[in-house]
Amino acid sequence: MLKLDKISKNFPGFSLNAVSFNVEKGDYFMLLGESGAGKSMLLEVIAGLVQPDKGSVFLEGRDITHEKIQQRRIGLVFQDHAIFPHLSVMENIGYSLHGDKLNHKQKQEKVLSTAALLGIAELLHRRPSTLSGGELQRVALARTLIQQPLVLLLDEPLASLDTLLKADLRSMLRKIHRQGQTILHVTHDYEEALSLGNKIAVIDKGKIIQEGTPEEVFRFPKFEFVAHFVGVKNFFKVRLIKENEASYGLVEDKIRIRIETDEPAGKGCLILRGEDIFLSKEMMQSSALNNFSGRVTEIIPASNGVEVILDIGIRIHALITRESINTLDITEGSVLWIHFKATAVRFIKD
Amino acid sequence: MKKVLSLHHIFIFLGALVLLFILAPLLGIFLKTSPVSLFETAKETEVRDSIWLTIWTSMTGTLIFAIAAIPLSYLLVRKKFPLKKLITGIIDLPVVIPHSAAGIAILGFVSRDSLMGKIGSSVGLNFVGNPAGITIAMAFVSIPYLINAARDGFAGVPERLEKAALTLGASPTRVFFTISLPLAWRNIVSGLILMFARGMSEFGAVIMVAYHPMITPILIFERFGSFGLKYARPVSVLFILISLSVFILLRSLAKEKNVE
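Keep in mind that this is a model prediction, so the values were computed, not measured.

Trainee: Got a sec to walk through the overall build of chain B? Specific residues and values, please.
Mentor: Each helix and strand counted, chain B has 12 helices and zero strands in total. Secondary structure elements in chain B, listed N-terminal to C-terminal, are α-α-α-α-α-α-α-α-α-α-α-α. Relative to its full complement of 260 residues, chain B shows a buried share of 42%. For chain B, restricting intrachain contacts to residue pairs at least 6 apart in sequence, the fraction spanning at least 24 positions comes to 74%.

As structure tokens, this is what we get:
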């Protein structure tokens, strides 16, 4: 439905580099990347506010790269809402109905029904300056949705809202999506991407570096950047070697990690989740094939336990409970054993 | 222990001096003019005609040139183009050049043997010694005030609002009239009032182009030259009073529009 073909755009100190992806009809497509990765710029290119240096944008098979903004049928909701301050909420929402062949009453009904969908019917006669951030966000959504865009572009719609409003707006966005609206949503928040998107593309330094379903992207992050971004801390470039039919990942040519994989020898990367690691005072016999000794360098409280960082020649992040910290009496400088199963290690071939 | 004068006090003292400097001459002229002489002067046709001429020529110049000056201000804010700095400089030229010299330049531009003059003559319009010439001279010296104020106004309109309007299906023309212009309106009105006021008070440029029909600043000069200070004073006071009331009226009208 919406197809980007090798979009490039150079700006001083910033660029989009041959960005391609494809949003299908009915998708909730998440574009995930850090601030300054070029996400907003990409939306402006799709909407036609910025012309790309190279590449094309297709909408329903039609090349719209050089089409006039007002004829594209693409709705864009800006991060800061961009509500017209001199117009009432009603005038804001009805702004795009100007050219429609509707009489005054039909227009008013359309504004009312859109406002009702977004739960802002009682705000119609208010001035934008009297609205809260969450209300402005809904007005911006209503104003864009009323023109029934083929694709709805959302620029960090949840970024400026507090937790409660976020949950509210998320369910609102799900509702809009369920009604068949194709959505392209950019965000820097992977939880947001996971909870809303049915497809995710990760953008870094103006380039799409991974694309897939949320499961694919979060289970098998292909790049260190993606891994860090999605919260996987133990991510290492390795060389896979085979010895006596067993596989080992060699990290920095010094640490050998036993891996269970059918992949042939070669280069790749290795992912180990912090919660799959357990710690002990003494070396212990268990089914775990990977056992290393190391010194604790940092202890960081996290929302779901405590992150213990150990130096075993490489930095390993282990996630354990507060209780374990106390029973094992772990402090910075403690020397501990770490254990993890070969089956807990995921190897992804380059 | 008492502090010697603080910086704050010194500033207040200096500020008061400036205020006095502005108010004292005005107060003086008002106190020295008797209500009777003011009344008598107001009855003179020559005076009334000249005040009316001054108001309408300046008003006409402001409105006609605004049609081109406001779009120019918008371009200067929104578009990047070569020689933009130079153009900005050109716009400020009328403020910095001596106005009598500007008057000579305008005279050369509109006199009967110039291109403009010839075009005017062909439709029976002679700029020299004519309200049309006065309007041009007034507009020439006062247009920078409008352009600069409108430019500030457009610069204060977030570009994102215009972009949002475009994505909502509005044409660039509709965006200009429904978003940019209303949001910059306050500054534009200030600019219009400033340009109008500056045009009304112009003397140097106008006298070169048209001594007659006589605008009030020239009438004041003529009465002073022919009859002395005493005769020039009532016209001056009357002109000051009328200018002030016109500006107060315009300002309050503009305010009402903004509140609505």
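Trainee: Residues and numbers for the overall build of chain A, please.
Mentor: Looking only at helices and strands, one finds nine helices and 20 strands in chain A. Taken over the C-alpha atoms alone, chain A extends approximately 80 × 45 × 35 Å along its principal axes. Looking at the 350 residues of chain A, the share that counts as buried comes to 52%. At a minimum sequence separation of 6, the contacts of chain A that also span at least 24 residues come to 63%. Put simply, chain A shows about 16,700 Å² of open surface, and 49% of that area lies on carbon and sulfur atoms. With 44 positive and 44 negative side-chain charges, chain A shows a separation of 5 Å between the mean positions of the two kinds.

Trainee: Tell me about the interface of chain B and chain A, and name the residues and values.
Mentor: Across the contact, 18 residues belong to chain B and 20 residues belong to chain A. Where chain B meets chain A, there are two salt bridges. The interface formed by chain B and chain A includes six residue pairs in polar contact (both at pLDDT 80 or more). Considering only residue class, the side of chain B that touches chain A consists of 11 nonpolar, four polar and three charged.

Trainee: Describe the sheet that holds strand β14 (residues 266–272) of chain A, naming the residues involved and giving the relevant values.
Mentor: Residues and elements named next belong to chain A. The strand order β13-β12-β11-β14-β20 describes an open sheet built from five strands, whose pairing is antiparallel. For this open sheet the edge positions go to β13 (255–259) and β20 (346–349), each flanked by a neighbour on one side alone. Each strand axis lies, on average, 40 degrees off the axis of its neighbour in the sheet, ignoring direction. Bridge count between strand β11 (residues 234–243) and β14: seven bridges; the pairing is antiparallel. Bridge assignment links N234 to a residue of β14, and that residue is L272.

Trainee: Can you explain the environment of B:P182? Please cite residues and give values.
Mentor: Here B:P182 lies in helix α9 (residues 172–200). A relative accessible area of 32% means that B:P182 is categorised as partly exposed. Along the primary structure B:P182 and B:S114 are separated by 68 residues, whereas in three dimensions their C-alpha atoms are 40 Å apart. Among residues more than four places away in sequence, those in contact with B:P182 are A:H86, B:F176 and B:F177.

Trainee: Talk me through the sheet that holds strand β10 (residues 207–212) of chain A; I want residue IDs and the actual numbers.
Mentor: Residues and elements named next belong to chain A. Taken in spatial order, the six strands make up an open sheet running β6-β7-β8-β3-β9-β10, and their pairing is mixed. For this open sheet the edge positions go to β6 (74–77) and β10, each flanked by a neighbour on one side alone. Within this sheet the neighbouring strands show an average axis-to-axis angle of 20 degrees, counted without direction. Sheet analysis places strand β9 (residues 199–204) next to β10, joined by five bridges and oriented antiparallel. The partner of I203 across the bridge, within β10, is I208. Packed on one face of the sheet, helix α1 (residues 39–47) meets β3 (28–32), β6, β7 (151–155), β8 (182–187) and β9 and runs near 150 degrees to β7. Contacts from helix α5 (residues 163–178) reach β3, β7 and β8 within the one sheet, and its direction differs from that of β8 by about 150 degrees.

Trainee: Can you explain the side chain of B:R78? Please cite residues and give values.
Mentor: All names here are of chain B. With respect to the element layout, R78 can be found in helix α3 (residues 45–78). R78 gets classed as buried once you look at its relative accessible area, which sits at 17%. Polar side-chain contacts of R78 include one of 2.6 Å to the backbone oxygen of V157. Looking at R78, its side chain comes within polar contact range of the side chain of E162, at 2.7 Å. In this structure, R78 is in contact with F154, V157, P158, E159 and E162, ignoring residues within four places of it in sequence.

Trainee: Residue-level account of the environment of A:Y95, with values.
Mentor: Within the secondary structure layout, A:Y95 lies in the loop between α2 (89–93) and α3 (104–117). Owing to a relative accessible area of 3%, A:Y95 belongs among the buried residues under this scheme. In the structure, A:Y95 is positioned 205 residues away from A:I300 in sequence and 51 Å away in space, judged by C-alpha atoms. Discounting chain neighbours no more than four positions away, the residues touching A:Y95 are A:F84, A:L87, B:A165, B:L168, B:A170, B:R174, B:V175, B:T178 and B:I179.

Trainee: Before we move on, could you go through the domain arrangement of chain A and cite the residues and values that matter?
Mentor: The parts lose accessible area when they come together, and the size of an interface is often stated as this lost area. Splitting chain A by domain gives domain 1 (2–232) and domain 2 (235–349). Centre-to-centre, using C-alpha coordinates, domain 1 of chain A lies 40 Å away from domain 2 of chain A.

Trainee: Please give an account of the packing of α3(B) against helix α4 (residues 84–96) of chain B that cites residues and values.
Mentor: All names here are of chain B. With their axes 11 Å apart at the nearest point, α3 and α4 run at an angle of 145 degrees to one another. Here α3 and α4 pass one another in a crossing that is left-handed. Contacts between α3 and α4 involve L72, L76 and V77 on the former and, on the latter, K84, I87, T88 and I91.

Trainee: Kindly report on the pattern of salt bridges, identifying the contributing residues and their values.
Mentor: Residues and elements named next belong to chain A. Enumeration according to the criterion identifies 20 salt bridges over all chains in this entry. One salt bridge in this structure joins D253 and R239, with 3.1 Å as the shortest N-O distance. Placement of the pair is D253 in the loop between β12 (246–251) and β13 and R239 in strand β11, with a sequence separation of 14 residues. We classify R239 as partly exposed; its relative accessible area is 38%. Because the salt bridges share partners, they merge into one network encompassing R273, E275 and D276.

Trainee: I'd love a proper account of the packing of aromatic side chains, names of residues and values included.
Mentor: Residues and elements named next belong to chain B. This model, assessed by the stated rule, comprises 10 aromatic pairs over all chains. The interplanar angle of 85 degrees and the centroid separation of 5.2 Å between the aromatic rings of F176 and F177 together place this pair among those described as edge-to-face. A centroid spacing of 5.9 Å and a plane angle of 80 degrees characterise the contact between F196 and F247, whose relative ring orientation is edge-to-face. One end of the pair, F196, is in helix α9; the other, F247, is in helix α12 (residues 229–259), and 51 residues separate them in sequence. Pair check on accessibility: F196 and F247 agree, each one buried. Site record: aromatic cluster; members linked through ring pairs are Y74, F154, F176 and F177.

Quick notes on the rules
- Residues numbered from 1 in each chain as written.
- Chains lettered and ligands numbered in written order.
- Predicted model: local features only at pLDDT ≥ 70, side-chain atom pairs only at ≥ 80, totals over all residues.
- Heavy atoms only, no water.
- Helix = DSSP H or I, 4+ residues; strand = E, 2+ residues; numbered from the N terminus.
- Buried < 20%, exposed > 50% of the residue type's maximum accessible area, 1.4 Å probe, protein only.
- Contact = heavy atoms within 4.5 Å.
- Areas by Shrake-Rupley, 256 points an atom, 1.4 Å probe, with all protein chains shown as cover.
- Lys, Arg positive; Asp, Glu negative; His and termini not counted.
- Charge placed at Lys NZ, Arg CZ, Asp CG, Glu CD.
- Salt bridge = Lys/Arg side-chain N within 4 Å of Asp/Glu carboxyl O.
- Polar contact = N/O pair within 3.5 Å; in protein donor to acceptor, adjacent residues only side chain to side chain.
- Nonpolar A, V, L, I, M, F, W, Y, C, P; charged D, E, K, R; others polar.
- Pairing = 2+ DSSP bridges.
- Axes fitted to C-alpha atoms, helices over the stretch in contact; angles between N-to-C directions.
- Domains from an automatic or database assignment.
- Left-handed = near helix turned anticlockwise from the far one by under 90°.
- Phe/Tyr/Trp six-rings, centres within 6.5 Å; stacked < 30°, edge-to-face > 60°.

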